[in-house]
Amino acid sequence: MLVPSGQLSPLQHHLLQELDLCDLPVPEAAPESYAVRDLDTDEVRAALPTLLWSGLVEERAGARGVLGLTPLGAAALSAAECDELTARLVAVASFADTVSRGAPSRAAGHALKRLAEGSWTLEQAESHVREGEAGSGPS
């Protein structure tokens, strides 16, 4: 069994997440199934050979034209999500160091929330706190 190396592309990650929820017809058979999931059928079509070859996705036996996630695909998806959450936790811990150096609590709280949600990077959170510090001095 082939063990995937490297990281999943955003498209591969998204497709594997969708296949984790349910099997999907091949893109040619039902492009609307991909459109409602915010997936471009041409991009999916281009990515499928690699996903099939690597064993992350399979065409279901007895259900020709139906794609499903393999156990290896589920493991790769879990590993990718674990890596993403680990990176986010590292960023939150690093940001906690910034806050401990005396950042204003309101700016820090807002930045921490955005960082933990994953909507901001560590750099964006730190920049927000620095701007808050600059704006909190006497007027």
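Just above, that's the structure.
Quick caveat, the model's predicted, so the values are computed rather than measured.

Next up on the list: helix 5 (residues 105-117). The first and last C-alpha atoms of helix 5 sit 18 Å apart over 13 residues, in line with the 18 Å expected at 1.5 Å per residue. Restricting attention to buried positions, one finds in helix 5 the residues Ala-107, Ala-108, Ala-111 and Leu-115. With its buried residues spanning 95° around the axis, helix 5 presents them on a single face. Along helix 5, the residues that are exposed and aim more than 90 degrees away from the buried face are Ser-105 and Arg-106. Gly-118 sits one or two residues past helix 5 and shows a positive phi near 90°.

Quick look at the pattern of salt bridges now. One pass over the structure, following the stated rule, counts 8 salt bridges. Close ionic contact of Arg-37 with Glu-18 constitutes a salt bridge, the shortest N to O distance being 3.3 Å. One end of the pair, Arg-37, is in the loop between helix 2 (31-35) and helix 3 (41-53); the other, Glu-18, is in helix 1 (residues 10-21), and 19 residues separate them in sequence. With its nearest N and O atoms 3.1 Å apart, the salt bridge here joins Asp-23 to Arg-60. Highlighted residues: Asp-23 in the loop between helix 1 and strand 1 (24-25) and Arg-60 in the loop between strand 2 (57-59) and strand 3 (66-69), separated in sequence by 37 residues. Here the salt bridges do not stand alone but share partners, grouping Asp-23, Glu-58 and Arg-60 into one network.

What counts, and where the lines are drawn
Residues numbered from 1 in each chain as written. Predicted model: local features only at pLDDT ≥ 70, side-chain atom pairs only at ≥ 80, totals over all residues. Heavy atoms only, no water. Helix = DSSP H or I, 4+ residues; strand = E, 2+ residues; numbered from the N terminus. Expected span 1.5 Å × (residues − 1). Buried < 20%, exposed > 50% of the residue type's maximum accessible area, 1.4 Å probe, protein only. Arc of directions from axis to C-beta. Salt bridge = Lys/Arg side-chain N within 4 Å of Asp/Glu carboxyl O.

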